[in-house]
Amino acid sequence: RVPFCSLCAHCSSAPRAMRMSDGGDGGSPNPVALGARALRSPAASLGVTSVLLSVLVGNRFAMDEVANSQSRSDLLAVAAAASLVLHALASLDIESRVAEPQQLVGARVACELDTAGIGAARLGEFLTWLAESLAACTPTSSILIYDRARGRTLLRAGVMGPAPSVAPGPILDKCLTVDRARGTYLA
């Protein structure tokens, strides 16, 4: 008889007695096949990866002088660890949760524009175009354009509260803060 590896579909469907390392006569299971089967779980893959990388870093710090052959073997160990991490991440069954849509509270405002005293003749036309473009291209239901320098609301459109102006709160303060490391975003 030919010994079965227990990894492929044909071998895993073979009787258990035939999947033994000695050809199916009741011997001990193949340790390589058992190890490969154990590494199929994501937790085991991540655990083996962390142990492998820890041993690798410890070996590097323990050695005074590194030979070329050790550098090559370290590259192979890092490649093996990377493949185990990729296997674990691919095996995880991660499903993103879909956010439930929230019903906004307030009255629908067509487009309120307040550009008086700014001095730019076409600013109102530009802001209206900007609001319409954002509403058409993004899943927004409300658009508010706030002038940080003057501390006033220039444009309101969508579902808004009753007050025509906005008092800056923590969310607006976070949006108005320029953080070069994180960048800016629409809120």
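Keep in mind it's a predicted model, so treat the numbers as computed, not measured.

Criteria and thresholds
Residues numbered from 1 in each chain as written. Predicted model: local features only at pLDDT ≥ 70, side-chain atom pairs only at ≥ 80, totals over all residues. Heavy atoms only, no water. Pairing = 2+ DSSP bridges. Helix = DSSP H or I, 4+ residues; strand = E, 2+ residues; numbered from the N terminus. Axes fitted to C-alpha atoms, helices over the stretch in contact; angles between N-to-C directions. Contact = heavy atoms within 4.5 Å. Buried < 20%, exposed > 50% of the residue type's maximum accessible area, 1.4 Å probe, protein only. Core = buried A, V, L, I, M, F, W, Y, C linked by side-chain atoms within 4.5 Å. Parallel < 35°, antiparallel > 145°, perpendicular 65-115°, else oblique. Left-handed = near helix turned anticlockwise from the far one by under 90°. Nonpolar A, V, L, I, M, F, W, Y, C, P; charged D, E, K, R; others polar. Salt bridge = Lys/Arg side-chain N within 4 Å of Asp/Glu carboxyl O. pLDDT = per-residue confidence, 0-100.

J.: Mind laying out the sheet that holds strand E1 (residues 107–113), listing which residues take part and the relevant values?
T.: Across the sheet, 3 strands lie side by side as E1-E3-E2; this open sheet has antiparallel pairing. The outermost strands of the open sheet, each flanked by one partner alone, are E1 and strand E2 (142–147). Averaged over neighbouring strand pairs, the angle between their axes works out to 20 degrees when direction is ignored. Along the sheet, helix H5 (residues 123–137) contacts E1, E2 and strand E3 (152–160); its crossing angle with E2, the most-contacted strand, is approximately 145 degrees.

J.: Describe the side chain of Gln70, with residues and values.
T.: Within the element layout of this structure, Gln70 appears in helix H4 (residues 68–91). Classification of Gln70 as buried rests on a relative accessible area of 12%.

J.: Can you break down the nonpolar core residue by residue, with the values?
T.: Most often, soluble globular proteins keep nonpolar side chains buried together rather than apart. Formed by Ile118, Leu123, Leu127, Ala131, Ile143, Ile145, Leu154, Leu155 and Ala157, the largest nonpolar core amounts to 9 residues. At the level of elements, H5, E2 and E3 are the ones that each hand at least two residues to this core. Once you skip the residues sitting within four places of it in the chain, Leu155 turns out to touch Cys111, Glu112, Leu113, Leu127, Thr128, Ala131, Ile143, Leu144 and Ile145.

J.: Please set out the packing of helix H3 (residues 42–62) against H4 residue by residue, giving values where relevant.
T.: Two elements in contact, H3 and H4, have axes whose closest approach is 8 Å; the angle formed by their N-to-C orientations is 160 degrees. Here H4 runs roughly antiparallel to H3, going by the angle between their axes. By crossing handedness, the relation of H3 to H4 is classed as left-handed. Taken together, the residues of H4 that come into contact with H3 (itself represented by Pro42, Ser45, Leu46, Val48, Thr49, Leu52, Leu53, Leu56, Asn59 and Arg60) are Gln70, Ser71, Asp74, Ala77, Val78, Ala80, Ala81, Leu84, Val85, His87, Ala88 and Ser91. Its residues assigned to classes, the contact of H3 with H4 comprises 13 nonpolar, 7 polar and 2 charged.

J.: Explain the pattern of salt bridges residue by residue, including any values.
T.: Tallied over the entire structure, the rule returns 4 salt bridges. With a shortest N-O distance of 2.5 Å, Asp74 and Arg60 are connected by a salt bridge. Of the two residues, Asp74 sits in helix H4 while Arg60 sits in helix H3, which places them 14 residues apart along the sequence. You can call Asp74 buried: its relative accessible area is 8%. A relative accessible area of 34% places Arg60 in the partly exposed class. Notably, a salt bridge pairs Glu125 with Arg122, separated by 3.1 Å at the nearest N-O pair.

J.: How would you explain the environment of Cys111 if you had to name every residue and give the values?
T.: You can see Cys111 is positioned in strand E1. Taking relative accessible area as the criterion, Cys111 reaches 37% and is therefore assigned partly exposed. Sequence spacing of Cys111 and Arg156 is 45 residues, and the spatial spacing of their C-alpha atoms is 5.7 Å. Those residues in contact with Cys111 that lie beyond four places of it in its chain are Thr128, Leu155, Arg156 and Ala157.

J.: Summarise the pairing of E3; cite the residues concerned and give the values.
T.: Burial within E3 is extensive, with 8 of its 9 residues counted as buried. In this sheet, E3 lies alongside E1 in antiparallel orientation, the contact comprising 5 bridges. When the bridges of E3 are listed, Arg108 appears paired with Val159. Here E2 hands over to E3 after 4 residues, with Gly151 in that stretch at a positive phi of 70 degrees.

J.: For the confidence of the model for the protein chain, give the residues involved together with the corresponding values.
T.: Do not read the fine detail of predicted coordinates wherever pLDDT is low. On average, residues of the protein chain carry a pLDDT of 76, and 79% of them reach 70 or more. Across the protein chain, the element-wise mean pLDDT spans from 50 in helix H1 (residues 9–12) up to 88 in H5. Here residues 14–25 scores under 50 on pLDDT; set against residues more than four positions off or in separate chains, the count is 25 contacts.

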